Amino acid sequence: MQLPKFHYGTRHLIDSTAIRGILHNSKVFPRSHVLELYPGIGPFSNEIQKLYNPPHHLLLEPRKNFKATLSENFPNLNNCELDPYDWSTYHILAKSQELNFHPLIQDWSKPNDDLVFVANLTNPHNEGLLMQWLDCITRRNWLYKFGKVPMIIWINSHLAGKLLAPYGSSLRSKRSTFMETLTEISVLAHHKDETYPGVKNHIVETQDSNTKPQEIVEFDDSMIWPIKATKSASSESIVCLKVVPNGKEIDFEPWEFITKHLYMSKITPFKDIADSLGHGGYEYFEPQFRDNQELWNKKPVNMTPKEFIEISNVFMNWPFKPDYRSDFLNIFSEDM
Amino acid sequence: MLRSTVRSRSVNLNLAVSSSTASSLSSRFIGCNDSCKRYISSKGSNLLASLDVNNSSVKSSFEVAPQQRKLNKPQIDLGFWKSSKFSINPNFEPFDRSYRSIINSSSTNRSVMQLWSLLEACLCSNYVDRAFHILESLYAIKPHRINFIDDYNMYLSYLADSGKIKKLSDLSLKVTRDLEKHFPDSTYNDRTIAILVHFALSFSKRSDFGSYITDINTFFSMSNNKNAKKAVLKNTDIFTLNDYKLLRDLNLVEASELPIAIRNIFDKNPSYPSEDTEKTIPPIKSAKSIPETNTNDLKNDDPTLQQLKTSPSEEAILDPDDTEISKKWDLNENIDTIEKDAGELLSVDTIGMKVIRHSLQGLSLTETQKQKIASFNFDSETSILATKLEDKSVDFYEIYCSLKTDAEREKFDEFLENFNQDRQRVLETRSTEAAKERWKHDFMDAKSRGEAPFEKKLNVKLWEWYSQMLPLIKKEVEQANELLQDSLIDKRKAGGISSDYAPYLNLVDPEKMCVITILELLKLNSTGGVFEGMRTARAVISVGKAIELEFRSEQLIRNEMHTFKNVSTKPHVFKKYVWSAKKRLRDHNIEKSKIEWPQAARAQIGSIMISTLLHVAKVNVRGHDPKTNKYVYGELPAFSHSYQYHNGAKIGVLKIHKSLIKQLNGERLATSVQPQQMPMIVKPRKWVSWNSGGYHYSQSILIRTRDSPEQVAYLKAVSEENLIPTIYSGLNVIGLTGWTVNRKVFNVLSEVWNTGKQFLDIPGIQDDMVVLPPLPSNAEPEEVREWKLKNKEIANKISSDRSVRCDSNYKLEIARAFLGEKIYFPHNLDFRGRAYPLSPHFNHLGNDMSRGLLIFWKGRRLGPQGLKWLKVHLANLFGYDKASLDDRIAFANQHIEDLKDSAEHPLDGKGWWQSADKPWQALATCMELNEAFKLENPEDFISHQPVHQDGTCNGLQHYAALGGDVEGAIQVNLVPSPKPQDVYNHVAKLVEARLDVAAKEGDETAKILQGKITRKVVKQTVMTNVYGVTFIGATRQIAKQLTEKFDDKQLAFEYGGYLAKHVFAAIRESFKGAHEIQDWLGECSKRISRAIRLDVDSKSFRNGNKPDFMSSVIWTTPLGLPIVQPYRDESKKQIKTNLQTIFIADPLAVNPVNARRQKSGFPPNFIHSLDASHMLLSATKCGEHGLDFASVHDSYWTHACDVDKMNYLLREEFIKLHEVDLIERLKTEFNQRYKDYLQVCKIPRTSPLARKIVECRKQLSTKLGRPATLADEIHEEKIRKELLNSIESEKQEAGKNMVTTVSIAEDYKDIDTLLKATACHMPILTPLTLPPIPTKGQFDVQELRKSAYFFS
DNA sequence: CGTAGAAATACTGATATAAGTGCTAGCAAATTA
DNA sequence: CGCGTTGCTATAGACAATATCAGTATTTCTAAG
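Residues numbered from 1 in each chain as written. Chains lettered and ligands numbered in written order. Predicted model: local features only at pLDDT ≥ 70, side-chain atom pairs only at ≥ 80, totals over all residues. Heavy atoms only, no water.

Remarks on the overall build of chain B
Helix and strand counts for chain B come out as 55 helices and 24 strands. The 1352 residues of chain B split such that 59% are buried. Once local pairs closer than 6 in sequence are excluded, the contacts in chain B between residues at least 24 apart make up 74%. Surface exposure of chain B reaches about 57000 Å², of which carbon and sulfur atoms provide 51%. (Helix = DSSP H or I, 4+ residues; strand = E, 2+ residues; numbered from the N terminus. Buried < 20%, exposed > 50% of the residue type's maximum accessible area, 1.4 Å probe, protein only. Contact = heavy atoms within 4.5 Å. Areas by Shrake-Rupley, 256 points an atom, 1.4 Å probe, with all protein chains shown as cover.)

Now the structure itself:
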């Protein structure tokens, strides 16, 4: 197999047996529409095509090095070379007759069984992009307008640790709570040496809450290309996750406001940061939670999704609540 | 310390040699050919006065090439030579030798500054024991030990005054014991003796005082100084006036031994109240006894006044120190010591009134005017800003203008100067009290009227907050005190504050601290990119700083009170002596204060204050309850501490509640928020040293340093050697220019303002933010993004509009407060030497509105030329400034009707003035001209309007002069021409031409842009090009201009980038000389900022092969000001406070330089340092010729009738500046300053040189027994240089034979070609060399003398 | 009572945070086959 | 060793990230000698 000279820090699992295992375990295939975002050098795509040959199988890989390698190694794969980063790409996709990629729009009451999208976001640079995609779950736009579409992503282990961080963990963040609240998330494959990337014994601890027990494919360094993102990079590996929206409906904006501000000081008990939720926050929330001292004293890193929602609801009833919708307007760069 | 002194002394010797062979040092490694070439074509050879190298009997280690061009030493030294020489080998440890990071604030390893400030704090709050512990820590810092005695003296002086020591013997014993036991390395000095003497004198009232006299004599005899008594008595801040008096009375010292300021008081005031008179003369108890005194006064002084009238020439001397005038004042005054009690103060004021009345005699004032002035309360403790307009009945300006003769006017000026002293003091020191009283007043007012909580005025609220906050703060202070008392060494926290910071809480009156806190927070509204709030970090630091500032200024006053204890200043004339003495002493005292609170302490104190305020400050608000769907009312905290994310970074934010914001937008802020740095109503203190000048009660520093100790060190060094007199004189001229507010313009502005609507550049009031409606919940991501961006833009616009309006509000209110006053703007410099007024809000550097509001205090008859220039000025303000002068005059003449209408009906007329480029100034000028035209002969009009003369693209003018660039010189009017050249238009045309070419070749973008290139589009880019604008910066500027034409931001940006390329090329094309110089400057700075000292501290190599570059670019301006580019990596650190941790830089750290910024900053900074020099030179000259002068960097202002004179002077000064080849001189200075520095170059590994060096490194490695590093190579080279410079011939020989990697590189001939090779990977050390100077062109700077449009 | 060792605390440096990367050039540094 | 890659920063003023954690240094406390 031809390999490009440089890889932008993107890493791939190149062992076809392992890939087949993952594809099988994911319980997603076969599908009629498969969209691959940043497939990289394409080993995953190749297996998908070989195994299932989906009728609509489209790759979006604009990067010069990878593009070339792809077409050289797998001339059969259909890479339309649009950049998955651009929102406009998806509009082009929707309009284009030529590409003929028009999945069914399905209802959110059941999982989508028509479309799956696969992405390799192992480049740490792409973390932001993943976050934006995930945010689309709340508005049900972008690819999620087709319904509860499963997403299979390759990310570096560290990022996975953030998404999956258990209660109390130092990596527990707004994003972990988000994942727990709005998605079903499972690990499809990880490195054999990583008990769990970044988080100790993570899988054991969170299996019941977040991570559906599945057969997990384990791989080793020899199956990864390149072995290290950079010479000096940490020895962490990459992980394959499956993420499906769970269809829960929440009033997102207040929830977002509350989680954002509470996680700001994430090991400070709620009662001590209530004030930062708005002018007179303590005075308002204190009586509201007099009967729920446990939550009142709880640290955000230990709060359950339910509890965040509860706080958001209480917040909504506050006559003097700040304008949570324009919170983002409160700060701007001075030079314009 | 010791070591460095020795070293620098020896270098100084070298310098003595090298300065006489100045040129020999230049271009040791460059070969002299280049510098010769530069002048081959030059006509200016007559300027090249030379130093004769051959006459120099001393041989430098460098051979002097015979054909080398000599550096021209000018006939007149503007200050460069001495200063440069001095700063090249300064008397302090150089900053590029090693790291100096004092970040770690652990108790064992605190910086001297931290300890000082802590020591001071402990002493001021009377924790003497604790202070002693700090002394011990200070003593433990070995390098500091030389100066330790000063710290001990500080301690001792507080101890003596604390009352803790009862007996003289106890104190002297303690001193002996401390110095022997605890601090054996330190010995007492004269100051120590002064403290002892002062202490001994405090026993003067005791019956056995006689025995103390012997002690005092013993103390004096302890001094090592030849003139012991004089030296001891110099410590004016230790002795009180009574001390001096006593010493004189007891004949312990001679009059000649007293400091001059003190001597003056005694000499000129035989009636100076001694303690005896105090006893014998019963204090005046009631107003009844006053009339007699007054009548006496009035009778007595008549002859004097006669005298005054007849001798105007003598009157011209305004300096209160002057003996002549003092004598006159003497005659009619009766001075009494008056004890302070309320009844008396009243009567004293009455006396004051009479004094005022009589001092105005001889002026042709109407009775009403006299009455008004006399009843004006000059002693009021109410600040100008708090005085209501209705209460202010006197318009000094009007009175001044009504005076008939120059002599009268001068007398009146003198009168104002004297009687405003107290008002100035109030203005500077009582702003917080003024604010507080204002709040209280409004609160009481509201209370008596029984207002509902929702109608509460801002001031009422502020008063409530204040009164609730005060007890809490008092408690906090108490706690801090307990903590300090409880445990001496215990550092644990108690009540939130650690004992490290507790002392600071004690220094300022809690009342003041509370007021300061509230004021600061209100001032910070909408700063730091926070909508309706501020950044916590900034708030905390600002409050801390403000409190520190208050402490400093109180301390000054306390010192003054200490010296003048028991001396009444009420009798107005005696006051004058005291004032002059105080002024002198103040200079002295201010200079001494060197202590700053550490950032952490500021932050701590600030956070304590703010968090307390957060708890008490409440506002009443209405909210909507979603449950009941009803409106509810409640009281909420006015401030809320929370956080915001900005690009993933957390930012601590203090939000202000909307309801308060509304109020802040509506009210006249200046009455609630007292800005502290105001214009002055008496003359600013003259600049006499690096930190003494400007305001009377606060310290200002000559140069606004960005907390860079390096800049301060250089400045201080030259200041202490008194090497920068021209800088001072220039600044003093600007500072002495008297201004006043243009009442007519003010009235128009005020009317417009009160409508609350938008007018010209003043935005209207905007209470609510109108944002775009929310999007449907399933909007696509890009729509959401778009929506967010647009809303941000809206918010940003509102926020900036509000702050502009708020700023205008400040300006307007300040202008209102100073209506009719004579005001001054004290100035200081930025680090490049450009002058800025110290008062930030309202000054002549401000926007058009501020400028329009200001006129000169002094008026001058227009005369024929003045009238012309005023007309030209009008045309200029309308943007009609590219025509010939005659055309501009014609322009004004054509618009006489418009002008009249504008002046007489500014708001209800045609409003012609509003269409001007600078409408407010245009309005002022219209009014001025209109008044003039009313006269039979307009030339008789007395004009106060400043007329501007602007340099055409001043930066390029300097570049053209530097490069002798003929083409460039023509473009920027250095060459005489019948019509002014318009650079911007020129460039625009060039760009247009380039576009035409491109369009012909089928360039689509060019086709679109054709014909759209106006002057305006390129103007900013051409201008900023001099300042080193980058490509992207230029793109933005052009895009901004293009958005007006294209509307599509994206597109505009694209075209902007395209055009920027062409503009750059066009500029390069037409200012070739300028660019060569620019590039050369850039290259020099690049090399310097990547250079290493030979004696670099190898410990500061974190990695032996990767040196950290520590040398910043330093140069000396033609006036001798050393300039240090302060661009270093800043190491910021998190500091815990009560509210949150904040992230601030350690101002004292010395980090590696930021090479990039050093490089990009140098060319523009160098040019700025030149234009600043030109300005200061012109200012000094104008001052000498009696012109009023003001400047906005490259725009010089004076009276219309003086424009011609100023034009002549500024041209002469420009020529004087550029007569010398500044570039050549700069290079020489660099070569001296960075002599023996090394630079790291990269060469191909394969080259023969590389192989040689590798070989040498191998040898070194074997010698060291470990792999050699670059640091080792530097060390080797250092040894070699030392040997070479040795006096012993053996060692010299050894040096010559020694081979180091550097010497190999040095001997290698063709290093330049190696450096140009494509693959350079091997780092090697070479001596620092500077590139050859570009050839100088034909242009002779003398030509500009005849250029009318050089400045116009 | 002085002291070794443990526990507690203080200090330092690293890292996560949010979530379009407003765009392009030029240089320096690290990386790679 | 020649190469292409990646990352950083973009006028000058003059104005600013912060909470938490892990690891280490220092101080304090404890308890046995």
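So that's the structure; there's more coming.
Re the nonpolar core
Residues and elements named next belong to chain B. In terms of nonpolar packing, the biggest core is built from 123 residues, with Y152 and W465 touching the most fellow members. Examining the composition of this core, we find that 13 residues originate from one element, helix α24 (residues 458-486), more than from any other. Discounting residues that sit within four places of it in the chain, W465 has contacts with I518, L613, V616, A617, K618, V619, A638, F639 and L660. Formed by 112 residues, the second largest nonpolar core is a distinct cluster that contains F95, I734, V1113 and I1123. (Core = buried A, V, L, I, M, F, W, Y, C linked by side-chain atoms within 4.5 Å.)

A look at the domain arrangement of chain A
Residue and element names in this part refer to chain A. Per the domain assignment, the segments making up chain A are domain 1 (12-245) and domain 2 (252-317). Computed from C-alpha coordinates alone, the two centres of domain 1 and domain 2 are separated by 33 Å. Between domain 1 and domain 2, the contact holds twelve residues from the first and 14 residues from the second. Taken as a group, Y167, K174 and T177 account for 46% of the area that domain 1 buries against domain 2, more than any other trio of residues on that side. (Domains from an automatic or database assignment. Buried area = accessible area lost by both parts, 1.4 Å probe.)

Side note on the interface of chain A and chain B
Residue-level contacts link 31 residues of chain A with 48 residues of chain B. Taking both sides of the interface into account, the surface hidden between chain A and chain B amounts to around 3600 Å²; carbon and sulfur atoms contribute 62%. Counting the surface chain A buries against chain B, the share from its top three residues, H279, I331 and F332 of chain A, is 23%. Put simply, chain A and chain B have one salt bridge between them. A salt bridge links K145 of chain A to E780 of chain B; the shortest N-O distance between them is 3.7 Å. Counting every contact that joins chain A to chain B gives twelve residue pairs in polar contact (both at pLDDT 80 or more). Going through the elements one at a time, α4 (87-95), α5 (127-139) and α9 (252-264) of chain A are the ones with two or more residues in the side of chain A that touches chain B. Per element, the largest residue contribution to the side of chain A that touches chain B is three residues, and it comes from α9 of chain A. Here the residues of the side of chain A that touches chain B sort into 13 nonpolar, eleven polar and seven charged. (Salt bridge = Lys/Arg side-chain N within 4 Å of Asp/Glu carboxyl O. Polar contact = N/O pair within 3.5 Å; in protein donor to acceptor, adjacent residues only side chain to side chain. Nonpolar A, V, L, I, M, F, W, Y, C, P; charged D, E, K, R; others polar.)

What about the sheet that holds strand β10 (residues 827-830) of chain B?
Residues and elements named next belong to chain B. Here three strands make up an open sheet; going across it, the order is β8-β10-β11 and the pairing mixed. The sheet is open, and its two borders are formed by β8 (703-704) and β11 (835-837), each paired with just one other strand. Bridge count between β8 and β10: two bridges; the pairing is parallel. Within β10, the position partnered with I703 by the bridge is L829. Sheet strands touched by helix α32 (residues 725-736): β10 and β11. Its angle to β10, the strand with the most contacts, is close to 130°. (Pairing = 2+ DSSP bridges. Axes fitted to C-alpha atoms, helices over the stretch in contact; angles between N-to-C directions.)

Looking at the environment of L329 of chain A
Counting through the fold element by element, L329 of chain A comes out in the segment after α13 (305-316). Look at L329 of chain A and you get buried, because its relative accessible area is 2%. Spatially, the C-alpha atom of L329 of chain A lies 26 Å from that of E249 of chain A, the residues being 80 residues apart in sequence. Each residue touching L329 of chain A, except ones within four places of it in the same chain, is listed here: F531, M769, V771, N791, K792 and A795 of chain B.

Observations concerning unusual backbone geometry
With an omega dihedral of -5°, the bond running from F29 of chain A to P30 of chain A counts as a cis peptide bond. Tracing the sequence through the fold places P30 of chain A in the loop between α1 (16-26) and β2 (33-37). W225 of chain A connects to P226 of chain A through a cis peptide bond whose omega is -15°. Of note, P226 of chain A is situated in the loop between β8 (224-225) and β9 (238-245). Backbone geometry at K27 of chain A places phi at a positive 55°, although glycine is not the residue there. With respect to the helices and strands, the residue K27 of chain A is situated in the loop between α1 and β2. In this structure K27 of chain A comes out as exposed when scored by relative accessible area, which is 64%. Residues other than glycine seldom take positive phi values, yet N629 of chain B does so here, at roughly 55°. Accessibility expressed as a relative area gives 56% for N629 of chain B, which makes it exposed.

Some thoughts on the sheet that holds strand β22 (residues 1195-1199) of chain B
Residue and element names in this part refer to chain B. Strands sit in the order β15-β22-β21 across an open sheet of three strands; the sheet is antiparallel. The sheet is open, and its two borders are formed by β15 (946-950) and β21 (1190-1192), each paired with just one other strand. Here the strands of the sheet are splayed against their neighbours by 30° on average, with no regard to which way each runs. Sheet topology note: the β21/β22 ladder contains three bridges and is antiparallel. Paired with A1190 across the strands is W1197, a residue of β22.

Looking at the UniProt feature "binding site: S-adenosyl-L-methionine" (unreviewed entry) in chain A
All names here are of chain A. According to UniProt, the positions carrying the feature "binding site: S-adenosyl-L-methionine" (unreviewed entry) are L13, E61, D83 and N120. Residue position: L13 is located in strand β1 (residues 12-13). Since its relative accessible area comes to 3%, L13 is described here as buried. Not counting the four nearest positions on each side in its chain, L13 is found in contact with A18, I19, I22, P43, W154, F219, M223, I224 and I238. With respect to the element layout, D83 can be found in the loop between α3 (64-73) and α4. The exposure class of D83 is partly exposed, given its relative accessible area of 24%. Ignoring anything within four residues of it in the chain, the contact list for D83 reads Y38, P62 and T89. (UniProt positions renumbered as here; feature names shortened; annotations may be inferred.)

A short note on the pattern of salt bridges
Tallied over the entire structure, the rule returns 63 salt bridges over all chains. E307 of chain A serves as the salt-bridge partner of K298 of chain A, at 2.8 Å between the closest nitrogen and oxygen. Residue K298 of chain A shares its accessibility class with E307 of chain A, and that shared class is buried. Linking K457 of chain B and D442 of chain B is a salt bridge whose minimum nitrogen-to-oxygen distance equals 3.8 Å. One end of the pair, K457 of chain B, is in the loop between α23 (431-449) and α24; the other, D442 of chain B, is in helix α23, with 15 residues separating them in the sequence. What makes K457 of chain B partly exposed here is its relative accessible area of 37%. Residue class for D442 of chain B comes out buried when judged on its relative accessible area of 9%. When salt bridges with common partners are traced through the structure, they connect R430, E433, E437, K512, E550 and E554 of chain B into a single cluster.

Quick look at the packing of helix α25 (residues 510-523) of chain B against helix α28 (residues 599-616) of chain B
Residue and element names in this part refer to chain B. Running from N to C, α25 and α28 cross one another at 80°; their axes reach a closest spacing of 10 Å. Here α28 runs roughly perpendicular to α25, going by the angle between their axes. In this structure, α25 contributes M513, C514, T517, I518 and L521 to the contact, and α28 contributes M609, I610 and L613. Of the residues belonging to the contact of α25 with α28, the class tally is seven nonpolar, one polar and no charged. (Parallel < 35°, antiparallel > 145°, perpendicular 65-115°, else oblique.)

Here we look at the protein's contact with DNA strand D
Residues and elements named next belong to chain B. In the neighbourhood of DNA strand D, 40 residues make up the surrounding shell, with Y643, K650, T1030, Q1140 and T1141 lying closest. Each atom of DNA strand D within 4 Å of the protein belongs either to a base or to sugar and phosphate, the latter forming 66%. Contact between DNA strand D and Q1020: a base oxygen at 3.5 Å from a side-chain N or O atom of the residue. At a separation of 2.9 Å, a phosphate oxygen of DNA strand D approaches a polar side-chain atom of Y1127. Of all the elements, strand β5 (residues 649-656) adds the most residues to the surface near DNA strand D, at four residues. In terms of residue class, the surface near DNA strand D is built from 17 nonpolar, 16 polar and seven charged. (Near = heavy atom within 4 Å.)

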